[in-house]
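Here is what each chain is made of, one letter per residue.
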Amino acid sequence: MEKHKLATRVGQISPFQVMEVLARAKQLQLQGEDVIHLEVGEPDFVAVEAVANAGVEAIQQGKTGYTSATGLPELKRAISDYYLSRYQVTVSPERIIVTPGASGALLLMASLMVDSGEEVVMPDPCYPCNRHFLIQAGAKAKLIETKPEEGFEMDLSTLADHWGENTTGLWLASPSNPTGAVLSKSYISEAWEKVSALGGHLLVDEIYQGLVYEGEDFSALSIADDIFVINSFSKYFAMTGWRLGWLVVPEWAIEGATKLAQNLFIAAPSVSQYAAVRAFSPDVLAECEVRRQTLNARRLVLLEGLEAIGLPVVAPAHGAFYIYVDVSSVTQDAMAWCLALLEQEKVALTPGADFGIKDAHKYVRFAYTCDEARLQEALARIARFMAS
């Protein structure tokens, strides 16, 4: 019998190690175990009720057909107005491409700006799917080692040293997954100056925008119109399963991005788009702010608790809902440690190997996505595990 062969690129894409943790956690739950989930980047919030109701109304009114490929005009206008009111940045609705999740925006970005055989510079650690979308385009990521004592920020003074003839861009994220670090406006400005001088493009992943607790909450679009920015309704607006995000492109890239959106997606989910228009109403934004404060309180509980049990926090966790922790004082294999912790104390965490290469075996990501009482219980279980 002829052996079936998958495309070569499939073998170049690494599976998420956290999925092994998650699968085992679900098995334990089915057996009646009380598992505390600190592994998945999805808080215990759902969409604000007014947003969900707007989605229901869209279904009841039959608003379930295709929208234009780049998004519902009233949603694009609402996003544009949001940039102006919250960040004092003028972004024309035509530059906003609404996508099926930020993942759709990343896929579109890789297809739009990166040719086969080219490479994009990214810091190590970073969100793994960014690398995998490049593989889909026949390209690759060039991971640049960063240091915990520098907040895992790439040293921009060395960017030109890493830039080769096939390098086409720099992709950054702020707030960051997995570290929770927030880049400053001066850092993004310097990155833009250096990338421009090298003839490349700059993408800033702002998927966790709004979830900033220390430092300035701003958009890279305030620095230059030619910077690409990705955002999402999944995090600040807690609309994970609604699968809705957006990409802001420069004027000169609108036509190309529109062609790709037509072919890659046809359109983002229509019901989600109608619901998302409601997300920018003052009452919904006020509820999102209350949730941000709730997440900050959880962050402080976890930061204090981790220090108390002897697990150092190695990056300034100033945004998103993650804390990146050095566990090398208790193990040299973070994945094995996470699995053993899950088996013994029923706490699920994400091993660092999902996010990078350099010293990944030393790190674990904590997501403060459950309430303070559960976080305190998780800390007590981890302390007991370490003592044993």
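Notes on the structure follow.

## Examining a negative patch on the surface
Judged by side-chain charge, Glu149, Glu150, Asp155, Glu190 and Glu193 come together as a negatively charged surface patch. Exposure remark for Glu190: the relative accessible area of 33% places this residue in the partly exposed category.

## Structural notes on the pattern of salt bridges
Taken as a whole and judged by the stated rule, the model has 17 salt bridges. A salt bridge links Arg381 to Asp34, with the shortest nitrogen-to-oxygen separation between them at 2.7 Å. Of this pair, Arg381 sits in helix α13 (residues 372–387) while Asp34 sits in the loop between α2 (17–30) and β1 (36–37), and the two are 347 residues apart along the sequence. The class for Arg381 is buried, based on a relative accessible area of 7%.

## Here we look at the packing of aromatic side chains
All told, the structure shown has 18 aromatic pairs when counted by the stated rule. Measuring from centroid to centroid gives 5.8 Å for Phe233 and Phe280, while their planes differ by 75 degrees, and the two rings are edge-to-face. Of the two residues, Phe233 is situated in the loop between β7 (228–232) and β8 (245–248) and Phe280 in the loop between α10 (270–278) and α11 (282–308); the sequence distance between them amounts to 47 residues. The same class applies to Phe233 as to Phe280, namely buried. An aromatic cluster is present here, built from Tyr82, Tyr83, Tyr87, Phe233, Tyr236, Phe237, Trp246 and Phe280 joined pairwise through their rings.

## As for the packing of helix α12 (residues 334–345) against α13
Between α12 and α13, the shortest axis-to-axis distance is 10 Å and the interhelical angle comes to 110 degrees. Between α12 and α13, the angle falls in the class roughly perpendicular. Here Trp337, Ala340, Leu341, Gln344 and Glu345 of α12 come into contact with α13, specifically with Arg381, Ile382, Arg384, Phe385 and Met386. For the contact of α12 with α13, the per-class residue count stands at 6 nonpolar, 1 polar and 3 charged.

## Overview of the nonpolar core
Membership of the largest hydrophobic core comes to 116 residues, with the highest contact counts inside it found for Leu170, Trp171, Phe233, Phe237, Trp337 and Phe366. With 8 residues, the single largest contributor to this core is helix α5 (residues 101–113). Those residues within four positions of Trp337 in sequence are excluded, and the remaining contacts are Leu311, Val327, Val330, Thr331, Leu349, Val364, Ile382, Phe385 and Met386. One finds Val21, Ala25, Val35 and Met335 within the second-largest nonpolar core, a separate group that totals 7 residues.

## Considerations on the sheet that holds strand β11 (residues 350–351)
Read across the open sheet, the 3 strands follow the order β9-β12-β11; overall the sheet is antiparallel. The two strands at the open ends of the sheet, each matched to only one other strand, are β9 (322–326) and β11. Where β9 meets strand β12 (residues 363–367), 5 bridges bridge the pair, whose relative direction is antiparallel. In the strand pairing of β12, Ile323 is matched with Phe366.

Reading guide: rules and limits
Residues numbered from 1 in each chain as written. Predicted model: local features only at pLDDT ≥ 70, side-chain atom pairs only at ≥ 80, totals over all residues. Heavy atoms only, no water. Patch = residues over 30% accessible without salt bridge, like charges linked within 9 Å, V, L, I, M, F, W, Y side chains within 5 Å. Areas by Shrake-Rupley, 256 points an atom, 1.4 Å probe, with all protein chains shown as cover. Salt bridge = Lys/Arg side-chain N within 4 Å of Asp/Glu carboxyl O. Lys, Arg positive; Asp, Glu negative; His and termini not counted. Charge placed at Lys NZ, Arg CZ, Asp CG, Glu CD. Buried < 20%, exposed > 50% of the residue type's maximum accessible area, 1.4 Å probe, protein only. Helix = DSSP H or I, 4+ residues; strand = E, 2+ residues; numbered from the N terminus. Phe/Tyr/Trp six-rings, centres within 6.5 Å; stacked < 30°, edge-to-face > 60°. Axes fitted to C-alpha atoms, helices over the stretch in contact; angles between N-to-C directions. Parallel < 35°, antiparallel > 145°, perpendicular 65-115°, else oblique. Contact = heavy atoms within 4.5 Å. Nonpolar A, V, L, I, M, F, W, Y, C, P; charged D, E, K, R; others polar. Core = buried A, V, L, I, M, F, W, Y, C linked by side-chain atoms within 4.5 Å. Pairing = 2+ DSSP bridges.

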